[in-house]
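Survey of secondary and tertiary structure
Spelled out, the chains give:
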2 protein chains.
Amino acid sequence: MPDPASAPHAGDFPHVVVIGAGFAGLSLAQTLGGSGIRVTVIDRRNYHLFVPLLYQVATAALSPADIAEPIRHVLNRHRNVEVILGEVVGIDVERRMVRLAEGGFVPYDRLVIATGSTHSYFGRDEWARHAPGLKTIEDARTIRTRLLTAFERAEMCPDGERRGMLMTTVVVGGGPTGVEMAGSIAELARHTLARDFRRIDPRAAKVYLVEAGPRILPSFPEPLASYAHRALERKGVTVLTGRKVVDIGPEQVQVDTTLIPAGTIVWGAGVAASPAGRWLGVETDRAGRIRVAPDLSVPGLDGVYALGDTALAMGEDGSPLPGLAQVAKQQGEHLGRALAASIRHGEPMPPFRFRNRGNTAIIGRNAAVFDFGRRQLRGFLAWVLWAIVHVYLLVGFEKRLLVSIQWLWRYATHQRGARLITDPAPGEASTPAVAAPMRGTAAVPRGRS
Amino acid sequence: MPDPASAPHAGDFPHVVVIGAGFAGLSLAQTLGGSGIRVTVIDRRNYHLFVPLLYQVATAALSPADIAEPIRHVLNRHRNVEVILGEVVGIDVERRMVRLAEGGFVPYDRLVIATGSTHSYFGRDEWARHAPGLKTIEDARTIRTRLLTAFERAEMCPDGERRGMLMTTVVVGGGPTGVEMAGSIAELARHTLARDFRRIDPRAAKVYLVEAGPRILPSFPEPLASYAHRALERKGVTVLTGRKVVDIGPEQVQVDTTLIPAGTIVWGAGVAASPAGRWLGVETDRAGRIRVAPDLSVPGLDGVYALGDTALAMGEDGSPLPGLAQVAKQQGEHLGRALAASIRHGEPMPPFRFRNRGNTAIIGRNAAVFDFGRRQLRGFLAWVLWAIVHVYLLVGFEKRLLVSIQWLWRYATHQRGARLITDPAPGEASTPAVAAPMRGTAAVPRGRS
């Protein structure tokens, strides 16, 4: 790797500005590292988040820092790459300026938009309070605190009906995130917490996975989906397909005409693109994704590109590419190489071609599914492959090693390393405490033991 | 270890209630584990915190979960021990009841108070906003976010004077916590962050340690304190002794008549005991500590004991025992054994005798001090011993192993694994961002490189 600071023509090349340091933006910046082209990466977080393992933070298996790496640190050896911690609120395409929340501007010659996606509650934003989604570290901590607090409250709850409610979790949405969360929560209750309480039996906890479509994992082949369905049920998850969530309240979910009282509700159903399409004033699809040309450029705008979850790119078969980390990462690498060749040698921008490395979802210990297109894999071997792939993909050697050790340890012991209640539970002050304890002066009843 | 559920007379023995699962309360509960005596542990947190390593969370080296373990998990094999997550707000010594924040009561036969200590701002509670102390995980996250955000803001700050302010940290108080924090922050700036910025040089960051007394580490022998003073200065810390902090504002500390502008301020000066003395209506010293008899009982109250940081116990030489983890732990073990012998066999309660295993403070990489009473140790060997002792003391095998690997890795690379800005910085919304960025349409100036 040549020293970029001494690379020829540094500073004479157009300035590339990248918004977002997710899989797409970060891989693009890394690909342009050492190219001699000046690159500025803007993100509102100081870290890159390995979102595929976020469900493990939400279920107390990993710490946030295990799956996050400072963007500056990842990019620090590329002296041609600069990082700005800031929130983008608009883009002036006429003057080629990115506007930051605090009033500053960053001018660009080429602009890459990789701003990702967020939850969508299908117009029912009031559900967000009761059913957090899983996109950020704060989301994961919120879910972790609610889950663990619900069991603590159940332990102290003298009312059987309310205790049952507290020990019930409803996961909305049968995509990969919903499947991962439902499986992981069931394992948390049945194994990790099993011996830790005296009055309740965590193994009696109920987990529902609700999917409006006819089956879970709609983006996978049917045999893998029905395997996942069976594997979840074996782990104690009640899978409800073809059932629609019509309302979500503080401690309940209405599924069609049935009310399910639940202490914890997790949203894994809808995804919406970032508002980048509005910033640019360009055409988007219903989910807010920017339609891009085969070379990932935004039609009608000179030198502007979009990729990852916020872009609607078409595969070779004419269907939209899915919102997967591997798509984003490949797009970032492709666009990085294409921009370098275009800027340095005037070469034309080639079209992006997605290579499916295997679409995967994990159900839990010993159970995962892999779809390689022609071939499929499921069960224990798929789980081993899933673990290898994810450990390998984690940024940085230390995290790979640490996470591997934690996984091995937990596999042997069923324990989890991050069972901390640190954030305020809903409707409480900063100290979580007993919700409905023994009133009056009656003695605390003896436990099960 | 006999199965406590089948221990003879379980339930016929008096009920021991322990408030607080710090070093004192937890070691007491563990000692009573398997005794057949019914024990209830009440804590407002669901985890035991290994406070001596909290400074490493505050300086982005470790994750909260690395130094915290669920209380239920630590105690789960002792079936005679029950855990309640709840906040104690009072004690009715007449009716022998502990009152919880939500209105419930827990009756006791023997009561052990191990509620620890908190910060004291010497009556200047308004300083707390500007200068957080270091007692909880939330404290540590607040300091971490402020430190990292200050460097991010400095990177984007066009004003030299303000940039200097942002890159200055003041640590108030020259006790072990202050020394650890100052040394660790200097290393964070000079090594970990050194290459990650383009416009600022983190090695130019300033760290002040301000102590009102004539020297730092007043609880250590003078030679160790002056070694620590020199070691800190070698790491780039400016140590100010005999200088008094008279005021703390949003971005400044007034030391005597000198104003030091500072982007981050850390409070390590004052400690106050928990309010347990008020709950009991008994005599306390100025710091709020409950005076206890040699057997750790609270004079005038039948069956009530206090230990750890919230108790004022006298050593054999007649001077008060210091607020150290090793004192708390030994007291917990002693009182556990004494209560078991008293309850089961009617034996008298023996007096507690503290055995000094070595008082230690760490200055940073390669530098620590140990005071064993007669002998002293300092420098690299003391640091190695410090690391061995702290890894050994960490609860649970997995954490020991993980933390060891992180330490070894960081020692080799100067890197830190938890550099996340996740909490709102002071005066900001939840997304930390650039504070005083480039205004107008001027281009962002090129960096140092």
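As the structure is a computational prediction, the values presented were derived from the model and not from experiment. (Residues numbered from 1 in each chain as written. Chains lettered and ligands numbered in written order. Predicted model: local features only at pLDDT ≥ 70, side-chain atom pairs only at ≥ 80, totals over all residues.)

Some words on the overall build of chain A
Secondary structure summary: chain A contains 11 helices and 24 strands in total. A compact globule built from 449 residues would reach a C-alpha radius of gyration of about 22 Å, and chain A, at 24 Å, matches this within 12%. Considered along the principal axes of its C-alpha atoms, chain A spans approximately 80 × 45 × 40 Å. Out of the 449 residues belonging to chain A, those deemed buried represent 54%. (Helix = DSSP H or I, 4+ residues; strand = E, 2+ residues; numbered from the N terminus. Rg over C-alpha atoms; globule rule 2.2 N^0.38 Å. Buried ≥ 20, exposed ≤ 12 C-beta atoms within 10 Å, placed from the backbone.)

Describing the domain arrangement of chain A
Residue and element names in this part refer to chain A. Split by domain assignment, chain A resolves into domain 1 (4–116 + 274–345) and domain 2 (125–269). The gap between the C-alpha centroids of domain 1 and domain 2 is 34 Å. The interface of domain 1 with domain 2 comprises 10 residues on the first partner and 13 residues on the second. For the side of domain 1 that touches domain 2, the element with the highest residue contribution is helix α2 (residues 54–58), accounting for 4 residues. (Domains from an automatic or database assignment. Contact = placed C-beta atoms within 7 Å.)

Brief notes about the sheet that holds strand β11 (residues 168–172) of chain A
All names here are of chain A. If you trace the 4 strands from one edge of the open sheet to the other, you get β13-β12-β11-β17, paired in parallel fashion. Each of the sheet's edge strands pairs with one partner strand only, and the pair in question is β13 (237–241) and β17 (264–267). Direction aside, neighbouring strands of the sheet carry axes that sit 15° apart on average. Bridge count between β11 and strand β12 (residues 206–211): 5 bridges; the pairing is parallel. What sits directly across from valine 171, in β12, is leucine 209. (Pairing = 2+ DSSP bridges. Axes fitted to C-alpha atoms, helices over the stretch in contact; angles between N-to-C directions.)

Re the sheet that holds strand β8 (residues 105–107) of chain A
All names here are of chain A. Strand order in the open sheet made by the 3 strands is β6-β7-β8, with antiparallel pairing throughout. This sheet does not close on itself; its edge strands, each paired only once, are β6 (88–92) and β8. For this sheet, the mean inter-axis angle between neighbouring strands, taken without regard to orientation, is 20°. Here β6 runs beside strand β7 (residues 97–100); their pairing, made up of 4 bridges, is antiparallel. The partner of valine 88 across the bridge, within β7, is leucine 100.

Focus: the environment of phenylalanine 352 of chain A
Residue and element names in this part refer to chain A. In this structure, phenylalanine 352 sits in the loop between α9 (325–345) and β22 (359–364). A sequence separation of 39 residues divides phenylalanine 352 from alanine 313, and the C-alpha atoms of the two residues are 9.0 Å apart. Setting aside residues no more than four positions away along its own chain, phenylalanine 352 makes contact with Pro294, Asp295, Leu296, Ala313, Gln331 and His334.

Side note on the nonpolar core
Core analysis: the biggest nonpolar cluster contains 283 residues, and Ala228 of chain A together with Ala228 of chain B have the highest contact counts within it. Excluding anything up to four places from it in sequence, alanine 228 of chain A contacts Val179, Ile216, Leu217, Ala361, Ile363 and Val369 of chain A. (Core = buried A, V, L, I, M, F, W, Y, C linked by C-beta atoms within 7 Å.)

A look at the packing of helix α1 (residues 23–32) of chain B against helix α9 (residues 325–345) of chain B
Each packed pair of helices is defined by two parameters, the angle between the axes and the distance between the axes. Residue and element names in this part refer to chain B. Running from N to C, α1 and α9 cross one another at 30°; their axes reach a closest spacing of 7 Å. In terms of orientation, α1 and α9 fall into the roughly parallel class. As α1 packs across α9, the resulting crossing turns out to be right-handed. Touching Phe23, Ala24, Gly25, Leu26, Ser27, Leu28, Thr31 and Leu32 of α1 are Ala325, Ala328, Lys329, Gln331, Gly332, Glu333, Leu335, Gly336, Arg337, Leu339 and Ala340, all from α9. Residues of the contact of α1 with α9, tallied by class, amount to 10 nonpolar, 6 polar and 3 charged. (Parallel < 35°, antiparallel > 145°, perpendicular 65-115°, else oblique. Left-handed = near helix turned anticlockwise from the far one by under 90°. Nonpolar A, V, L, I, M, F, W, Y, C, P; charged D, E, K, R; others polar.)

Section: helix α6 (residues 176–192) of chain B
Between its first and last C-alpha, α6 of chain B extends 22 Å over 17 residues, near the 24 Å set by a 1.5 Å rise per residue. Within α6 of chain B, 15 of the 17 residues are buried, leaving the element largely enclosed by the surrounding structure. (Expected span 1.5 Å × (residues − 1).)

Topic: helix α10 (residues 380–393) of chain B
Under the 1.5 Å per step criterion, the end-to-end length of α10 of chain B is 20 Å for 14 residues, consistent within 8% with the ideal 20 Å. Buried residues along α10 of chain B sit in contact with β22 (359–364), β23 (367–371) and β24 (376–379) of chain B.

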